[in-house]
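Observations on chain architecture
Below, each chain spelled out in residue letters.
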Amino acid sequence: MNIAVSSTIDRVPAALRGWLAKPRPMLINGKWVMAKSGKTFDVHDPATEMKLASVAEGDAADIDEAVRAARRALEEGPWSRLSPAARGRMIHRIGDLILANLDELAQLESLDNGKPFSVARVADVPLSADMFHYMSGWCTKIEGKHIPLSALAAGGQYLSFTRPEPIGVVGQIIPWNFPLLMAAWKLAPALATGCTVVLKVAEETPLSALRLGEILMEAGLPDGVVNIVTGFGETAGAALAAHPDVDKVAFTGSTEVGRLIVQAASRDLKKVSLELGGKSPNIILGDADVDAAIAGATAGIFFNHGQCCNAGSRLFVQEKIFDKVTAGIAANAARIKIGVGMDPETEMGPLVSEVQHGRVKGILKSGLEEGARALTGGSAIGNRGYFVQPTVLVDTKPNMKVVREEIFGPVLVATPFKDADDKLIAAANDTIYGLAAGVWTKDIAKANQIANRLKAGTVWINCYHVFDSALPFGGYKQSGWGREMGQAVLSNYLETKAITTNIS
Ligand code: NAI
Ligand code: MG
């Protein structure tokens, strides 16, 4: 298969090309600044491998400056004096401005990450706006409680209540698979709770967050409330996770780096929340609506080129429909139009980087060498850009790397099962991860019985990839600590203070 990989940057408006042509600075204390070291690094279009832009290469010195700005904004600035309603209006305005810049943000996301513009325009960008809109409503609804005392209060009268307070200065580190949306998932709840932030974006995809930084300023966010640093994980990221004046670190990325974050944060016991990897089971029972299950399992693994922590990457299908379902998914996979993200026909773009391309190719090769069989796909495509064929593997064994490890690419491993019994539940739960799962059946009672036994933070029944700003999302086991989104995420960014007054 050949892929037409022509220039992509000439498909975006001149104003955006002009923006990309200048070295992009970082947002620290309300100012746009280059790194103290003067260093920059290039970001590339993964479809063409061509340079897209250069950005500041922030390191420990810039992180330190950003943390200081965030501390000042928290302790001294106008931010903490804003009424909850005023804070909410400001956060709501950020959502409005994201929508007002819908096309441009979707273009940046497509160029930088490789995903189709058409997808970014209906998914990444509107969902990012929705996250700010949704969280803006929480500002006026973060409440404490009156608590009646019994034991110690016997001799007197006391008035006790809790007061939720912002946890403080938050360090946030995000990945490249949904660059703008991950920034929104992190920033919106931190702002809603009244925290201040230093955000370290992924080195692969820094551009949309920098554009978001301009939007934050336009929305009227006071200086230093959000600081955005571009730079590498081992330098800027590590410095943020270890910074003594950061109260809390929120991380999304690999389980391996999640562990490093915990180590770095342990020195001064800063609070940590983690959203990590997955190897999610998607289970199709024999009585399922087969067409819906095939469509759902296809999207479950191939959406965003498989670069989703919650991808339905381990498919379990009841024996009697195994061949039909896997053939259906393979046929869908073979029809996916692969190409440059800015091409309106494209349904799947390249993987994000040369490193990810190498990783996915390597693990795919190991699976085929160990005896897995590709019903479709099985290799990289083209000689330019980081493209991989959507792949469906059968004849796998539970101990193969393709079955055990998160691939983070468009690769599905499918296994038949006989009955929906304990063995199936054990196989589905046989992973170090516990992020998401799918169940497909017309028997809703059985679906819920299975859902209750799956060790996963999200279970979708007769659907997959259904996200909402109001729904908590996060992992059991090594998929993480804490939850993103919904009311649940607020506790990541709040401390509880109990205040007791002697009123006797
Ligand atoms: P990564 O975990 O290295 O990168 C994520 C973020 O962490 C980036 O901003 C990076 O700069 C930062 N980082 C890296 N090393 C750090 C350190 N020592 N201290 C502080 N921050 C650090 O993920 P990577 O290398 O991009 O991808 C590797 C694998 O991770 C993928 O193949 C995939 O399996 C998994 N992954 C999971 C994601 C998820 O959404 N849960 C997102 C991205 C990757
Ligand atoms: Mg890494």
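Residues numbered from 1 in each chain as written. Chains lettered and ligands numbered in written order. Predicted model: local features only at pLDDT ≥ 70, side-chain atom pairs only at ≥ 80, totals over all residues. Heavy atoms only, no water.

**What about the site of ligand 1?**
- The local shell around ligand 1 holds 28 residues, among which Trp-176, Lys-200, Glu-203, Ser-254 and Glu-406 are the closest.
- Residue Lys-200 places a side-chain N or O atom 2.6 Å away from an oxygen atom belonging to ligand 1.
- In the environment of ligand 1, a nitrogen atom lies 3.4 Å from a nitrogen or oxygen atom belonging to the backbone of Ala-238.
- Sorting the residues of the shell around ligand 1 by element identifies helix H9 (233-242), strand E9 (248-252), helix H10 (255-266) and helix H13 (354-369) as the ones contributing at least two each.
- Each of domain 1 (9-276 + 481-497) and domain 2 (281-468) gives at least three residues to the shell around ligand 1. (Near = heavy atom within 4 Å. Polar contact = N/O pair within 3.5 Å; in protein donor to acceptor, adjacent residues only side chain to side chain. Helix = DSSP H or I, 4+ residues; strand = E, 2+ residues; numbered from the N terminus. Domains from an automatic or database assignment.)

**Re the domain arrangement of the protein chain**
- For the protein chain, the domain assignment lists domain 1 (9-276 + 481-497) and domain 2 (281-468).
- Summarising the inter-unit geometry, the C-alpha centres of domain 1 and domain 2 are found 30 Å apart.
- Taken together, the contact between domain 1 and domain 2 spans 28 residues of the former and 29 residues of the latter.
- Summed over both sides, the interface between domain 1 and domain 2 buries roughly 2,400 Å², with carbon and sulfur atoms accounting for 63% of that surface.
- Across the contact surface, domain 1 and domain 2 share zero salt bridges.
- The tally of links from domain 1 across to domain 2 stands at seven residue pairs in polar contact (both at pLDDT 80 or more).
- Grouping the constituent residues of the side of domain 1 that touches domain 2 by class yields 13 nonpolar, nine polar and six charged. (Contact = heavy atoms within 4.5 Å. Buried area = accessible area lost by both parts, 1.4 Å probe. Salt bridge = Lys/Arg side-chain N within 4 Å of Asp/Glu carboxyl O. Nonpolar A, V, L, I, M, F, W, Y, C, P; charged D, E, K, R; others polar.)

**Structural notes on the pattern of salt bridges**
- Considering all chains together, one arrives at 22 salt bridges under this definition.
- A salt bridge links Arg-68 to Asp-64, with the shortest nitrogen-to-oxygen separation between them at 2.6 Å. Linking Arg-68 with Asp-64, this pair stays in helix H2 (residues 60-75), spanning four residues, or about one helical turn.
- A residue is classified by how much of its surface remains accessible, and Arg-68, at 47% relative accessible area, is partly exposed.
- A salt bridge links Glu-369 to Lys-365; the shortest N-O distance between them is 3.4 Å. With Glu-369 and Lys-365 both in helix H13 and four residues apart, this pair spans about one turn of that helix. (Buried < 20%, exposed > 50% of the residue type's maximum accessible area, 1.4 Å probe, protein only.)

**What to know about a nonpolar patch on the surface**
- A cluster of nonpolar residues, Ile-147, Leu-149 and Tyr-158, forms a patch on the protein surface that exposes about 240 Å² of accessible area.
- Mapped onto the elements of the fold, Leu-149 is located in the loop between helix H6 (124-136) and strand E5 (158-166).
- A relative accessible area of 41% means that Leu-149 is categorised as partly exposed. (Patch = residues over 30% accessible without salt bridge, like charges linked within 9 Å, V, L, I, M, F, W, Y side chains within 5 Å. Areas by Shrake-Rupley, 256 points an atom, 1.4 Å probe, with all protein chains shown as cover.)

**Details of unusual backbone geometry**
- Phi is positive for Asn-29, close to 55°, though the residue is something other than glycine.
- Here Asn-29 lies in the loop between strand E1 (26-28) and strand E2 (31-33).
- The exposure class of Asn-29 is partly exposed, given its relative accessible area of 25%.
- A positive phi angle, close to 65°, is found at His-305, a residue other than glycine.
- As for its position among the elements, His-305 is in the loop between helix H11 (290-302) and strand E12 (314-318).

**Thoughts on the sheet that holds E12**
- Taken in spatial order, the seven strands make up an open sheet running E13-E16-E17-E12-E11-E18-E19, and their pairing is mixed. Each end of this open sheet is capped by a strand with a single partner; those strands are strand E13 (373-376) and strand E19 (458-461). Along the sheet, successive strands turn relative to each other by an average axial angle of 25°, direction set aside.
- Sheet contacts for H13: E13, strand E16 (391-394) and strand E17 (411-417); angle to E16, the most-contacted strand, approximately 30°. (Pairing = 2+ DSSP bridges. Axes fitted to C-alpha atoms, helices over the stretch in contact; angles between N-to-C directions.)

**Quick notes on helix H4 (residues 102-113)**
- Taking 1.5 Å of rise per residue, the twelve residues of H4 would be expected to cover 16 Å, and the 16 Å separating its terminal C-alpha atoms lies within 8% of that figure.
- Of all twelve residues in H4, ten are buried, a share of seventy percent or more.
- Two residues or fewer past H4, Gly-114 is found with a positive phi of approximately 100°. (Expected span 1.5 Å × (residues − 1).)

**Remarks on helix H12 (residues 319-335)**
- Across its 17 residues, H12 extends 25 Å between first and last C-alpha, which sits within 8% of the 24 Å expected from 1.5 Å per residue.
- Residues of H12 that are buried: Ile-321, Phe-322, Val-325, Thr-326, Gly-328, Ile-329, Ala-330, Asn-332 and Ala-333.
- On its buried side, H12 packs onto strand E11 (281-284), H11, E12, E13, E16 and E17.

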